[in-house]
Amino acid sequence: MKIKLLTLTAWTALTLMPVAIHAQYPGQIEEMTKVKVNVPLKALSFNYSDVRLLDGPFKRAMEVDQRWLKEADVNRFLHTFRVTAGLATGAQSLGGWESLDCEVRGHTTGHLLSALSIMYASTGDEQYRTKGAELVKGLAECQQTLGKSGYLSAFPEYFIDRAIKEEIVWAPFYTLHKVYAGLLDQYCLCGNQQAMDVLLGMCDWAYNKLKPLNEAQLQGMLNSEFGGMPETLYNVYAITGNPKHKELATLFYHNSILDPLAARKDSLAGIHVNTQVPKVIGEARGYELTGNSRSATIANFFWEAVVKDHTYVTGGNSDKEIFSKPGILSDQLSENTTETCNTYNMLKLTRHLFTWDALPTYADYYERALYNHILSSQNPETGGVTYYHTLHPGSCKKFHYPFRDNTCCVGTGYENHAKYGEAIYYKTADQNGLYINLFIASVLNWKEKELTIRQETKYPDEASTQIIIDSAPETGVQMPVMLRYPSWAIDGVTVKVNGKKQHVKKVPGSYIRINRNWSKGDVITMEMPMSLHIEYMPDTKEMGAILYGPIVLAAELGKTEDPAKNPEVPALIGDFKKIDRCIQPVDGKPLTFRTVGIGQPEDVILSPLFRNYGQHYTVYFKFTDKK
Ligand SMILES: [Zn+2]
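Everything quoted here is computed from the prediction, not taken from an experiment.

Examining the overall build of the protein chain
(1) Moving on: The number of helices and strands found in the protein chain is 18 helices and 24 strands.
(2) Moving on: Its C-alpha atoms give the protein chain a radius of gyration of 24 Å, within 12% of the compact-globule value 25 Å for 627 residues.
(3) Moving on: Long-range pairs, those at least 24 residues apart, make up 71% of the contacts in the protein chain between residues at least 6 apart in sequence.
(4) Moving on: Of the roughly 23400 Å² of accessible surface on the protein chain, a fraction of 50% belongs to carbon and sulfur atoms.

What follows is the structure, encoded as structure tokens:
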């Protein structure tokens, strides 16, 4: 045993490289990739390490997430892997979906690898990289012990055989994908070479396992949920340039789901949402690396169909995890609406599409879903996260917890609250211009331009933001800055540069382009007054939700004593063309309103859904318009 351990130690020696980049979106990891993005682009992503959050709701949510990451015991997260490999483990088993008898055990370990990588890149705090490296080392030992094939999992390999034979088994490739993705993030964001070695072994195993299968066997296997396998395999291919990795990604092309989308046909009704979104993300990444325009059609059509016809006011989708009929949502409001993983994945897809076309529509959707679903999914006191972010009238948020529940949304939850810096800023594709998409207090360090740009804002409590050039080269930087003019800002915006008002010709849902030579100390201010508006259900004007700017308001319906017992939900009867008369602000409380004489049986207080926890609420009301 001693000799074996020594061998393992040598095999698992760490090579840490000074990189802090991510493998997923155009503009990132270019210097590490052999296969370059091969399609026309309008925008490029910054790296996580280029952006640091300043105080505000997102930084606070990130700090709550950090508590869980710090508390995570590496040995507990390796426990089921060690049991499967036959290695000694004295650790206490994790609960819920990570129990030893749960078939998807191991998925959370993959998410933790990703979250630790992202948190390290987003903060520079070494403790997250160190913990990630300990996990990788433990996983490498398990892989080595399991044999030479490269197989690594917290469940035995016969689960995969069951999926191939279309026997009953719970999503083994879905679970493995989290480990693949986590190892890739460890390599890309933390420079952990051992993670890449383990990952390449897993790729060899998968290739040898799946390559001999015929098309019918593969398509049968793909009926079992397989997460983002194709996306991660395309990302591996980008790094290695090995055609086997591209071929492996294409083996996960699922005909019955993707062919109709390529024909621009919405056949989504009745199918499981979170099984499908990652398949489309895989197509998006495949398009970027191969230039296959059919894959772009799939991604573009799917995004349009989902956002237009299957999405609630919060940016979330699904009832009981299923797509409804297109445009029919008013009778799809069970307790189990909008799984949080779905929106995690829709935001990933949105980030790809934004780099292709830089359309403000994508940024509008991103903002809507980020505030009203992702930020809203976290209990700011306990750090619990929602699985279903319920829109059932009168219900309340029910939170799942790390270490105890370990559901899929706990896994994506670790990542969600670590990566709020990722989509605030983009570069133009020629790297000579800046998009400002989100109004989140932060600092952007644009190394190539020697620019440090600080965004100071109390948004959304105050509907304004200030962009300050903290440092720039002596000669300044001539470039356009594209400020997002949100689609909800129907009362116009006021933009000033160094106090001088700019003439704004644009309309809501566009970018305001300011091209000048930027110097240290320059300041842009933008005021964008919010207004109240109702967004009706796509299938009826008798049901809708109330927003203030991009913020979804929820009626406060009383403290949660018994989560299973929902209170009565008032209907609203009034002349909603005069919305400012029947819904009025509460003095001294930002983003908080009261209905005035329209609530039946009584009026209610409305406040942001993202701040609502521990009480019952409704987002959707029955409206009767009394003209
Ligand atoms: Zn989930």
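Section: the packing of helix 5 (residues 126–146) against helix 8 (residues 193–210)
(1) Moving on: Running from N to C, helix 5 and helix 8 cross one another at 35°; their axes reach a closest spacing of 9 Å. Helix 8 is crossed by helix 5, and the crossing has left-handed handedness. Contacts from Val136, Lys137, Ala140 and Gln143 in helix 5 reach Gln194, Ala195, Val198, Gly201 and Met202 in helix 8.
(2) Moving on: Its residues assigned to classes, the contact of helix 5 with helix 8 comprises 5 nonpolar, 3 polar and 1 charged.

So, unusual backbone geometry
Both trends apply: most residues other than glycine have a negative phi, and most peptide bonds are in trans.
(1) Moving on: Backbone torsion omega between Tyr459 and Pro460 reads 5°, so that peptide bond is classified as cis.
(2) Moving on: Along the chain, Pro460 turns up in the loop between strand 8 (451–456) and strand 9 (464–471).
(3) Moving on: Gln600 connects to Pro601 through a cis peptide bond whose omega is 10°.
(4) Moving on: Relative to the helices and strands, Pro601 resides in the loop between strand 21 (599–600) and strand 22 (605–608).
(5) Moving on: Of note, the phi angle at Phe403 is positive, near 70°, even though the residue is not glycine.
(6) Moving on: Structurally, the position occupied by Phe403 is in the loop between strand 4 (399–400) and helix 17 (408–416).
(7) Moving on: A positive phi angle, close to 60°, is found at Gln431, a residue other than glycine.
(8) Moving on: As for its position among the elements, Gln431 is in the loop between strand 5 (425–428) and strand 6 (434–436).

Some details on the packing of aromatic side chains
(1) Moving on: If you walk through the whole model with that rule in mind, you get 31 aromatic pairs.
(2) Moving on: Between Phe155 and Phe159, the ring centres sit 5.0 Å apart and the planes meet at 10°, which makes this aromatic pair stacked. Residues Phe155 and Phe159 agree in their burial class; the two are buried.
(3) Moving on: A ring pair is formed by Tyr287 and Trp356, whose centres lie 4.6 Å apart and whose planes are at 65°; its orientation type is edge-to-face. A residue pair is termed long-range when its members are at least 10 positions apart, and Tyr287 in helix 13 (residues 273–290) and Trp356 in helix 15 (residues 340–357) qualify at 69 residues.
(4) Moving on: Every member of this aromatic cluster is reached through a ring pair, and the members are Phe58, Tyr371, Tyr420, Phe439, Tyr459, Trp488 and Phe610.
(5) Moving on: Here Lys178 stacks its cationic end above the ring of Tyr174, 4.0 Å away from the centre of that ring.
(6) Moving on: Positioned over the ring face of Trp446 is Lys449, at 5.7 Å from the centre of the ring.

A short note on helix 10 (residues 229–240)
For an α-helix, the turn length of 3.6 residues means that residues three or four places apart are oriented alike.
(1) Moving on: A rise of 1.5 Å per residue sets the reference length of helix 10, with its 12 residues, at 16 Å; its end C-alpha atoms lie 16 Å apart and thus fit the reference within 8%.
(2) Moving on: Taken across its 12 residues, helix 10 has 12 buried, putting it largely inside the fold.
(3) Moving on: For helix 10, the set of buried residues is Met229, Pro230, Glu231, Thr232, Leu233, Tyr234, Asn235, Val236, Tyr237, Ala238, Ile239 and Thr240.
(4) Moving on: Directly beyond the C-terminal end of helix 10, a positive phi value near 70° is found at Gly241.

A word on the coordination of the zinc ion
(1) Moving on: Protein coordination at the zinc ion: the donors are Glu339 (OE), Cys341 (SG), Cys408 (SG) and Cys409 (SG), at 2.2 to 2.3 Å from the metal.
(2) Moving on: Given 4 donor atoms and angles of 93 to 122° at the metal, the environment of the zinc ion is assigned as tetrahedral.
(3) Moving on: Here the donor residues of the zinc ion are spaced in sequence according to E-x1-C-x66-C-C.
(4) Moving on: Judged by its relative accessible area of 4%, Cys408 is buried.
(5) Moving on: What makes Cys409 buried here is its relative accessible area of 2%.

Observations regarding the pairing of strand 5
(1) Moving on: Judged from the 3 bridges that link them, strand 1 (residues 43–45) and strand 5 form a sheet pairing that is antiparallel. Across the sheet, Leu44 pairs through a bridge with Lys427, a residue of strand 5.
(2) Moving on: As paired elements, strand 5 and strand 6 share 3 bridges and run antiparallel to each other. Across the sheet, residue Tyr426 finds its bridge partner in strand 6, namely Tyr435.
(3) Moving on: As consecutive antiparallel partners, strand 5 and strand 6 are separated by 5 residues, and within that stretch Gln431 has a phi angle of approximately 60°, a positive value.

Describing the domain arrangement of the protein chain
How big an interface is tends to be expressed through the accessible area that disappears when the partners come together.
(1) Moving on: Domain annotation of the protein chain identifies domain 1 (2–15 + 35–423), domain 2 (426–459 + 464–527) and domain 3 (532–625).
(2) Moving on: Relative to domain 2, the C-alpha centre of domain 1 lies at a distance of 32 Å.
(3) Moving on: With 27 residues of domain 1 at the contact, the number on the domain 2 side is 29 residues.
(4) Moving on: Residue Asp364 pairs with Arg484 through a salt bridge whose shortest N-O separation is 2.7 Å.
(5) Moving on: The dominant element in the side of domain 1 that touches domain 2, judged by the number of residues it contributes, is helix 16 (residues 360–374), at 7 residues.
(6) Moving on: Tallied by class, the residues present in the side of domain 1 that touches domain 2 amount to 18 nonpolar, 2 polar and 7 charged.

Quick notes on the pairing of strand 8
(1) Moving on: Where burial is concerned, the two faces of strand 8 differ: the one with Leu451, Ile453 and Gln455 is buried and the one with Thr452, Arg454 and Glu456 is not.
(2) Moving on: Bridge analysis of strand 7 (residues 442–446) against strand 8 gives 5 bridges, and the strand direction is antiparallel. Considered in strand 8, the bridge of Val443 is made with Arg454.
(3) Moving on: Where strand 8 lies against strand 9, 5 bridges are found, and the strand directions are antiparallel. By the bridge assignment, Gln455 is partnered in strand 9 with Ile467.

Rules of the game
- Residues numbered from 1 in each chain as written.
- Predicted model: local features only at pLDDT ≥ 70, side-chain atom pairs only at ≥ 80, totals over all residues.
- Heavy atoms only, no water.
- Helix = DSSP H or I, 4+ residues; strand = E, 2+ residues; numbered from the N terminus.
- Rg over C-alpha atoms; globule rule 2.2 N^0.38 Å.
- Contact = heavy atoms within 4.5 Å.
- Areas by Shrake-Rupley, 256 points an atom, 1.4 Å probe, with all protein chains shown as cover.
- Axes fitted to C-alpha atoms, helices over the stretch in contact; angles between N-to-C directions.
- Left-handed = near helix turned anticlockwise from the far one by under 90°.
- Nonpolar A, V, L, I, M, F, W, Y, C, P; charged D, E, K, R; others polar.
- Phe/Tyr/Trp six-rings, centres within 6.5 Å; stacked < 30°, edge-to-face > 60°.
- Buried < 20%, exposed > 50% of the residue type's maximum accessible area, 1.4 Å probe, protein only.
- Lys NZ or Arg CZ within 6 Å of the ring centre and 35° of its normal.
- Expected span 1.5 Å × (residues − 1).
- Donors = N, O, S within 2.8 Å, 3.2 Å for Na, K, Ca; no water.
- Tetrahedral: all angles 85-135°; square planar, octahedral: opposite > 155°, others 65-115°.
- Pairing = 2+ DSSP bridges.
- Domains from an automatic or database assignment.
- Salt bridge = Lys/Arg side-chain N within 4 Å of Asp/Glu carboxyl O.

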